[in-house]
Amino acid sequence: MTPGRPVPPPLGKPLLPIDETDVVPSPTLAAAYGTPTLAAAYGATSADSGLVPLTVARRAPKEDDVEIEIDFCGLCHSDVHATRGEWGAQSYPLVPGHEIVGRVRKVGSAVDDFAPGDLVGVGCLVDSCRECGSCLEGLEQYCERGNVGTYGVKDGRNGDAVTQGGYSTSVVVDRRFVLRVPEGLDPAAVAPLLCAGITTYSPLRYFDVEEGDVVGVVGLGGLGHMAVKIAKAMGAHVVVFTTSDAKIEAATELGADQVILSKDPEAMEGANRTIDVIIDTVAAPHDLNPYFRTLRLDGALFQLGLPSTDMPPVSPGALIRRRLAYAGSLIGGIAETQEMLDFCAEHGVVSDIEMVTARQLNAAYDRMVAGDVKYRFVLDTKTLQTPSEKADV
Ligand SMILES: [Zn+2]
Ligand SMILES: [Zn+2]
């Protein structure tokens, strides 16, 4: 553990700024690069439509593009919020999905680092400005001009078309945002690493967790179960906090060294000053002050869940008396995501998953909202229908 400001992860592949000539205005896209490919997909046509079969037009690959045949796509809670319009106005039709694993089908003329047949992944980002301070540091998720998310975001370099995600048979992404998936891991179980995995890896890495550190994990869902596995692989002693007796055994099975029922004040008191860093994955409003009391001097609590309503206030005294940091963290940059995939391959870490077919997507969403999943659903894209002759989006 390195208290204070740890060193950011090294950049794997520098993201060179692009010049204006790379920006292709919309009406000329097809003329310049050929006809789009139609892909079968599932998505929402309105906030209350549920998920229905759709056909998406994927642009013909430009010089720097990689066309990917998608095999698997993880289901993230963000997908539910976005398709149901719970995070503000949304452009429909909307195909969600940002935990994409598949094989390269075609590459653009300037792509020399990927070839057809390569196993690759795409996470939450498909572009960013590539020239602000954050982007140049490999922190594209914090792009000062706003990152381009994998779905539901206007893509400035592609005629402002709204990005469409991975519940689909194919996708076209700039090579700078394509990740190499190590062979040897179950590719379906790798998919959730691209959001849930990197979201928990990044703060653990930022805090420089190493052998012997004590890591607390609050909440044992999609994010929490990845936090346990990754922290264990980093050599940490892992303490899971849960509100549910039913999850004690599950946490232990995942490798937790200790499980604390957070509703038991005595158990919480017993954990006083025992933990170095807490990864809090709970998205519902909850009181953080009892968790601060479990942290040692110079400890930190990273909040990863985004509640839709206010949280109970944090007591400044709790932070001041132990020089604690209360921090947030958003997914991870591209170089760090690649580092995470390589780390997971080295340590045999993947997500625990349940495969779903396209027709089971709506039921899977309901189960996710009810917290009834162990721990991530993954869509098998072979179950998508063939695309229709005309694109819906
Ligand atoms: Zn996600
Ligand atoms: Zn930027």
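Because the structure is predicted, anything quoted here is derived from the model rather than measured.

Participant: Help me get a handle on helix α6 (residues 222–233), residues and values and all.
Facilitator: For α6, built from twelve residues, the straight-helix expectation of 16 Å at 1.5 Å per residue is met to within 8% by its first-to-last C-alpha distance of 17 Å. By the criterion of burial, α6 is predominantly enclosed, with ten of the twelve residues buried. Residues of α6 that are buried include every one of Gly222, Leu223, Gly224, His225, Met226, Ala227, Val228, Lys229, Ile230 and Ala231, and no others.

Participant: Tell me about the sheet that holds strand β17 (residues 325–328), and name the residues and values.
Facilitator: Read from one edge of the open sheet, six strands run β14-β13-β12-β15-β16-β17, paired in parallel fashion. The sheet is open, and its two edges are formed by β14 (258–261) and β17, each paired on a single side. Taking the axes of each pair of neighbouring strands and ignoring which way they run, one obtains an average angle of 20° across the sheet. Lying on the sheet, helix α7 (residues 247–254) is in contact with β13 (237–242) and β14; it crosses β13 at an angle near 160°.

Participant: Lay out the domain arrangement of the protein in plain terms, naming residues and giving numbers.
Facilitator: Here the protein is described as being made up of domain 1 (20–194 + 333–383) and domain 2 (196–328). Domain 1 and domain 2 are separated by 29 Å when their C-alpha centres are compared. Contacts between the two partners involve 16 residues from domain 1, matched on the other side by 14 residues from domain 2. Here the element with the most residues in the side of domain 1 that touches domain 2 is helix α11 (residues 334–347); it accounts for five residues. Broken down by class, the residue content of the side of domain 1 that touches domain 2 amounts to seven nonpolar, six polar and three charged.

Participant: Just give me the short version of the packing of helix α5 (residues 196–206) against α11, but keep the residues and values in it.
Facilitator: The description of two helices packed together rests on the angle between their axes and the distance between the axes. The N-to-C vectors of α5 and α11 enclose an angle of 95°; their axes lie 10 Å apart at closest approach. The orientation of α5 with respect to α11, classified from their angle, is roughly perpendicular. Counted together, Gly197, Ile198, Tyr201, Ser202 and Arg205 of α5 and Glu336, Thr337, Met340 and Cys344 of α11 form the full contact between these two elements. Within the contact of α5 with α11, the residues separate by chemical class into four nonpolar, three polar and two charged.

Rules used in this analysis
- Residues numbered from 1 in each chain as written.
- Chains lettered and ligands numbered in written order.
- Predicted model: local features only at pLDDT ≥ 70, side-chain atom pairs only at ≥ 80, totals over all residues.
- Helix = DSSP H or I, 4+ residues; strand = E, 2+ residues; numbered from the N terminus.
- Expected span 1.5 Å × (residues − 1).
- Buried ≥ 20, exposed ≤ 12 C-beta atoms within 10 Å, placed from the backbone.
- Pairing = 2+ DSSP bridges.
- Axes fitted to C-alpha atoms, helices over the stretch in contact; angles between N-to-C directions.
- Contact = placed C-beta atoms within 7 Å.
- Domains from an automatic or database assignment.
- Nonpolar A, V, L, I, M, F, W, Y, C, P; charged D, E, K, R; others polar.
- Parallel < 35°, antiparallel > 145°, perpendicular 65-115°, else oblique.

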